[in-house]
Amino acid sequence: MSTNLEEEADEMMMCCALCGTAQADDIKLKTCTACKSVRYCSIKCQKEHRSQHKRACKKRAAELHDEILFKQPDSSHEGDCPICCLPISLDQSKSTMMSCCSKVICEGCYHSNEVRITRGSLEWPTCPFCRHPKPKSEEEYEKNVMKRVELNDPVAMLQTSLHRYEAGDYDGAFRYVNKAAELGDAGAHYCLSRFIYEGKGVEKDVKKELYHLEQAAIGGHPRARYNLGIDEEGNGRMDRAMKHWIIAATLGCDDSVDALKDSFKDGLLSKEDFAAALRAHQAAIEATKSPQREAAEFASELNFT
């Protein structure tokens, strides 16, 4: 049965959905950009077929959207440390962005570099990744970041946006975060959704806020995914909410685990699915650990390098 449906779908893609004109060297068919399931020989045929195709198109477009939205990302938006190649912790206090190269370095590699510098009696600290001298002042730090911004570095743009936001320059913050989001940065999409939600530097717009939350979630942002779950819960669509929370929990999101726990207590989530989510969450947390990172955390507690 499924084979026949696939054959019918393939045949539909070989000719115009309205007039049946087949593709040839002098006739190029254009695919429907929304559902990608039918093709047309002309704009005229597409417009005339719209009334017949509208319902099926909308349904298929929603299915394609959900396929992308609910796909489990390979990792969180933080990615891996470029030095030890282990996942960066979601706890941002356990990593540092270097202004010279915009690389986010885990606390373990950062601490190891500090130890190397101390033991080698080096004159001035350098970046653990590119070995560029560390900035000697806040002004030099900002100059380094702006150099990266001029190179269209989305990480530097997001950092600049956050600094502008903290300084109360909401218009400037929006410009930089919007550009970073256009370049595909998941963290920027999430921050942009918050700017829109708060209406700072940009008008409030629920649809745009949701769009950027979804783009952030697709890019592996656990907090964005958790917020989408909260939104779906508010709309009474608990099946979709739990899908979001399971994906976020698998990326190491603690709040999503708590949400799943409540769902399990309410009888909305099976014991097997809850247990699987807990195991995946624990695996994500364990993946961010290493002896070097533990040593860095211990040194930080002692305020000793």
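Scroll up to find the structure.
Given the structure is predicted, the values throughout are model-derived calculations rather than measurements.

K.L.:
Lay out the overall build of the protein chain in plain terms, naming residues and giving numbers.
P.N.:
A tally of regular secondary structure across the protein chain gives 13 helices and four strands. Projected onto its principal axes, the C-alpha coordinates of the protein chain cover approximately 80 × 50 × 40 Å. Counting every position in the protein chain, which comprises 305 residues, the buried fraction comes to 36%. Pairs at least 24 apart in sequence give 47% of the contacts found in the protein chain among residues at least 6 apart. With the model as given, the accessible surface of the protein chain reaches about 18300 Å², and the carbon-plus-sulfur share is 51%.

K.L.:
Could you give an account of the packing of aromatic side chains, with specific residues and numbers?
P.N.:
Applying the stated rule across the entire model yields three aromatic pairs. Centre to centre, the rings of Tyr165 and Phe195 are 4.9 Å apart; their planes meet at 10°, and the pair counts as stacked. Separated by 30 residues along the polypeptide, Tyr165 in helix H5 (residues 154-166) and Phe195 in helix H7 (residues 186-198) bring together distant segments of the chain. Joined through ring pairs, the aromatic side chains of Tyr165, Tyr170 and Phe195 make up one cluster. The side chain of Lys243 reaches across the aromatic face of Phe70, ending 5.2 Å from its centre.

K.L.:
Account for the side chain of Thr288, naming residues and giving values.
P.N.:
Within the secondary structure, Thr288 sits in the loop between helix H12 (271-287) and helix H13 (291-302). A polar atom in the side chain of Thr288 sits 2.7 Å from the backbone oxygen of Ile285.

K.L.:
Please provide a residue-by-residue account of helix H6 (residues 170-182), values included.
P.N.:
Taking 1.5 Å per residue as the helical rise, H6 with its 13 residues ought to reach 18 Å, and the 18 Å between its terminal C-alpha atoms agrees with that figure. Buried within H6 are the following residues: Gly172, Ala173, Tyr176, Val177, Ala180 and Ala181. Buried residues in H6, looked at end-on, bunch into an arc of 165°, giving them a common side. Residues Asp171, Arg175 and Glu182 are exposed on H6 and point more than 90 degrees away from its buried face. Packing partners of the buried residues in H6 comprise helix H4 (138-150), H5 and H7. Remark: Gly184 follows H6 within two positions and exhibits a positive phi of approximately 95°.

Thresholds applied
- Residues numbered from 1 in each chain as written.
- Predicted model: local features only at pLDDT ≥ 70, side-chain atom pairs only at ≥ 80, totals over all residues.
- Heavy atoms only, no water.
- Helix = DSSP H or I, 4+ residues; strand = E, 2+ residues; numbered from the N terminus.
- Buried < 20%, exposed > 50% of the residue type's maximum accessible area, 1.4 Å probe, protein only.
- Contact = heavy atoms within 4.5 Å.
- Areas by Shrake-Rupley, 256 points an atom, 1.4 Å probe, with all protein chains shown as cover.
- Phe/Tyr/Trp six-rings, centres within 6.5 Å; stacked < 30°, edge-to-face > 60°.
- Lys NZ or Arg CZ within 6 Å of the ring centre and 35° of its normal.
- Polar contact = N/O pair within 3.5 Å; in protein donor to acceptor, adjacent residues only side chain to side chain.
- Expected span 1.5 Å × (residues − 1).
- Arc of directions from axis to C-beta.

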